[in-house]
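# Structure at a glance
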Amino acid sequence: MKAKLTGLTVLAMALVMTGCSSAPDYAYVIDQQTLEKQENSTRLGAHTGHVVWMNPPLRKVEKVQPE
């Protein structure tokens, strides 16, 4: 019984690991449009100070494979 459970666990882990490795590659880049909108709104506000981005807004783009 224990050998069967171990075999099923190993099989499940192998399927999970191969599924994760075939996922498309993505990269995160800074979203300039969101930054521009936020910076423009701070310029118009009279009581808004200088905005410093600790975690700038990001967008996900697919990596281009070199040929």
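Quick notes on the rules
Residue numbers here run from 1 along each chain, matching the order of that chain's written sequence. Thresholds applied to this predicted model are a pLDDT of at least 70 for local features of residues and 80 or more for the giving and counting of side-chain atom pairs; totals over whole chains, interfaces and linings are not thresholded and use all residues. Excluding hydrogens and water, the side-chain values take into account all heavy atoms of the structure. Centres within 6.5 Å make a pair out of two Phe, Tyr or Trp rings, where for Trp the six-membered ring is used; the pair is then stacked when the planes are under 30 degrees apart, edge-to-face when over 60, and tilted otherwise. Two thresholds decide whether a charge sits over a ring: the Lys NZ or Arg CZ must be within 6 Å of the ring centre and within 35 degrees of the ring normal. A residue's pLDDT is the confidence the predictor assigns to it, expressed on a 0 to 100 scale. Helix and strand labels come from DSSP, where a helix needs a run of H or I of at least four residues and a strand needs a run of E of at least two; each type is numbered from the N terminus. Any Lys or Arg side-chain nitrogen located within 4 Å of an Asp or Glu carboxyl oxygen qualifies as a salt bridge. A simple rule labels every residue: compare its accessible area, found with a 1.4 Å probe on the protein chains alone, to the largest value its type can have, and call it buried under 20%, exposed over 50%, or partly exposed in between.

Attention shifts here to the packing of aromatic side chains. One pass over the structure, following the stated rule, counts zero aromatic pairs. Lys-60 extends its terminal NZ or CZ atom over the ring of Tyr-26, reaching a point 4.5 Å from the ring centre.

A few words on the confidence of the model for the chain. Averaged over every residue, the pLDDT of the chain is 77; the share at 70 or more is 69%. In the model of the chain, helix 2 (residues 32–44) stands out as the element of lowest mean pLDDT, 74, in contrast to strand 2 (residues 58–62), which has the highest, 89.

Glancing now at the pattern of salt bridges. Under the counting rule described, the total for this entry stands at one salt bridge. Linking Asp-31 and Arg-59 is a salt bridge whose minimum nitrogen-to-oxygen distance equals 3.9 Å. Here Asp-31, found in the loop between strand 1 (26–30) and helix 2, pairs with Arg-59, found in strand 2; they are 28 residues apart in sequence, far enough to count as distant. Of the residues examined, Asp-31 reaches a relative accessible area of 15% and is grouped as buried. A relative accessible area of 41% means that Arg-59 is categorised as partly exposed.

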